[in-house]
Amino acid sequence: MTEKKLFKKVLIANRGEVALRILRACREMGIKTVAIHSTADADSMHVRLADESVCIGPAPSRDSYLNMPAILSAADITGADAIHPGVGFLSENATFARMIEEHGITFIGPTPEHIEMMGDKITAKKTMIDLGVPVVPGSDGGVDTDEEALEISTSIGYPMIIKATSGGGGKGMKVANNAEELPQALRLARAEAKANFGNDQVYMERYLRKPRHIEVQVLADMYGNAVHLGERDCSIQRRHQKIWEEAPSPGLKQEEREKLGKIVTKAIAKLGYRGVGTLEFLYEGGEFFFMEMNTRLQVEHPITEMVTGIDLVKEQIKIAAGIPLDFKQEDIEIKGHAIECRINAENATTFIPSPGLVTRYHTPGGWGVRIDSHLYQGYKVPPYYDSLIAKLVVYGHTRAECIKRVERALHEFVIEGVETIIPLHQKLALEPDIQSGNYDIHWLEKKLKG
Ligand code: ADP
């Protein structure tokens, strides 16, 4: 094999903390960076730190971070040989991946075919069934009429969850507790799906009552080498959005973890998948049920990095450059425990977004504390985008030490001028259920309702 070379210049097609995360990996690898930004993000940290930057449009995402021709032009004029799409925005857009590859620029991610396959959740589930991965019982495909839905519900049973085929971010999902609620739930899910994803197709699944959200991180190169990096437990959610994540999960036995890892790695290798990816499962009563696969980096990837010592972004870049993985499954060791607290600029009780000027900013430090954030004092959090402003990532030799360190780090964290959900995380760290690891995906919602 001829020696594969790394890229010379990577364009980062994203913003905020993840743009900075990618920039940091590139700099350590000796790769030049191009930042793109909207007019609202001109003063952003990733723009300041990049080697070059290009303004690609006005504040609304559709005119900037989702503006494919503008991003392609930016890559062209700066001579970037690869584009990293980050998380969200165009990271799971097969058209974008195809378009830039047609222009001779490498997409740092999987093939457009795999993005497409997993982007359609019905196809994704069918594929996984064929690969021997257990899935949530549900409709075999899309559900078009109320009659069809009723018929399926009699074989699966209530409660049922209706989900958008092209859904994401917890949108387009509705629960029906009985046959009476079904037509209304279908109507609402379809309308939400249409409004958010431009596609109103929905499918149905059994709604699990007390599951944990367990996801497995995978890594595969172009030469058929696939490994898993253990699981993350993302059960602490509000409105299907993750708030607090842990690796490893406090709810799994070692043999369950190993069994799931094996099933997943085998499936990924058979699929011929390349890049980083995450398979999301619900876990209940000792059983795993596949929900979906994300064909990109995840927001919560740092906790896996903390317990494995593997830099996922660097690996992702190397894989895209055609460099084979230089470790095998048996070389990967999960050590200690890591927790990520997502710090959103929102009121900690009402969750109303709180954009504005950051008047004071002081980050915690010390052993085992990592902050991934684009914030600085004097930065203005724009109102146009996601409210994630920082990720507190903490490592501990044991889970108990990790939680204690989360509590300590949160105590040091100062963000003023905008409201944040730090007070919520402070409460979580002290909760007996969190400390004992005894929680499921509905735990936080129930707690918030009091
Ligand atoms: P999205 O792509 O919008 O994130 P997912 O399919 O990953 O949608 O589901 C998001 C969350 O919704 C899950 O983490 C879980 O909390 C909840 N959920 C999804 N499917 C089910 C189900 N069958 N039973 C119970 N909860 C579910």
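Note that the coordinates shown come from a computational prediction; the quantities given were computed from them, not determined experimentally.

Attention now goes to helix H5 (residues 112–119). Owing to its 3.6 residues per turn, the α-helix brings residues three or four apart onto one side. Where H5 is concerned, the buried positions are Pro 112, His 114, Ile 115 and Met 118. Projected down its long axis, H5 shows its buried positions confined to an angular sector of 165°, all on one face.

Here we take up the pairing of strand E10 (residues 226–238). Burial of E10 is extensive: 13 of the 13 residues sit out of reach of the surface. Taken together, the 6 bridges between strand E9 (residues 212–220) and E10 define a ladder with antiparallel strand orientation. Directly across from Ile 214, in E10, lies its bridge partner Asp 233. Here E9 hands over to E10 after 5 residues, with Gly 224 in that stretch at a positive phi of 85°. With 4 bridges joining them, E10 and strand E11 (residues 241–247) adopt antiparallel strand pairing. Bridge pairing in E11 places Arg 238 opposite Gln 241. Between E10 and E11, which pair antiparallel in sequence order, lie 2 residues; one of them, Arg 239, sits at a positive phi of approximately 50°.

On to the environment of His 37. Mapped onto the secondary structure, His 37 falls in strand E2 (residues 32–38). In the structure, His 37 is positioned 25 residues away from Ile 12 in sequence and 9.5 Å away in space, judged by C-alpha atoms. Here His 37 is in contact with Ala 42, His 46, Val 47, Ser 53, Val 54, Cys 55, Ile 56, Gly 57 and Tyr 65, once residues within four sequence places are set aside.

Moving on to the environment of Ile 268. Within the secondary structure layout, Ile 268 lies in helix H9 (residues 254–271). Residue classification places Ile 268 among the buried residues on the basis of a relative accessible area of 0%. Through-space distance from the C-alpha of Ile 268 to that of Asn 225 is 9.4 Å; in sequence the pair is 43 residues apart. Aside from chain neighbours lying at most four places away, what touches Ile 268 is Val 218, Ala 220, Ala 226, Tyr 273, Leu 279 and Met 293.

Where helix H3 (residues 68–78) contacts helix H4 (residues 94–102), the two axes come as close as 11 Å, and the packing angle between them is 30°. By the angle class used here, H3 and H4 are roughly parallel. For H3 against H4, the interelement crossing comes out right-handed. Residues Met 68, Pro 69, Ile 71 and Leu 72 of H3 pack against Phe 96, Met 99 and Ile 100 of H4. By residue class, the composition of the contact of H3 with H4 is 7 nonpolar, no polar and no charged.

Moving on, we come to the side chain of Arg 342. Residue position: Arg 342 is located in strand E14 (residues 337–344). For Arg 342, a relative accessible area of 12% puts it in the buried group. Excluding residues that lie within four positions of it along the chain, Arg 342 makes contacts with Lys 242, Ile 243, Glu 245, Val 299, Glu 300, Leu 388, Ala 390, Ile 421 and His 425.

To continue, consider the site of the ligand. The local shell around the ligand holds 21 residues, among which Lys 121, Gly 170, Arg 206, Gln 237 and Glu 292 are the closest. Within the side chain of Glu 280, a nitrogen or oxygen atom sits 3.0 Å from an oxygen atom of the ligand. With respect to the ligand, the side chain of Glu 292 contributes an N or O atom lying 2.7 Å from an oxygen atom. Notes on the ligand: free accessible area 550 Å², of which the protein chains cover 95%. Where the shell around the ligand is concerned, the elements lending two or more residues are strand E6 (160–164), strand E8 (202–206), strand E12 (275–284) and strand E13 (287–294). Of the residues contributing to the shell around the ligand, the split by class is 8 nonpolar, 6 polar and 7 charged. Counting only domains with at least three residues in the shell around the ligand, you end up with domain 2 (137–206) and domain 3 (212–449).

Calculation criteria
Residues numbered from 1 in each chain as written. Predicted model: local features only at pLDDT ≥ 70, side-chain atom pairs only at ≥ 80, totals over all residues. Heavy atoms only, no water. Buried < 20%, exposed > 50% of the residue type's maximum accessible area, 1.4 Å probe, protein only. Helix = DSSP H or I, 4+ residues; strand = E, 2+ residues; numbered from the N terminus. Arc of directions from axis to C-beta. Pairing = 2+ DSSP bridges. Contact = heavy atoms within 4.5 Å. Axes fitted to C-alpha atoms, helices over the stretch in contact; angles between N-to-C directions. Parallel < 35°, antiparallel > 145°, perpendicular 65-115°, else oblique. Left-handed = near helix turned anticlockwise from the far one by under 90°. Nonpolar A, V, L, I, M, F, W, Y, C, P; charged D, E, K, R; others polar. Near = heavy atom within 4 Å. Polar contact = N/O pair within 3.5 Å; in protein donor to acceptor, adjacent residues only side chain to side chain. Areas by Shrake-Rupley, 256 points an atom, 1.4 Å probe, with all protein chains shown as cover. Domains from an automatic or database assignment.

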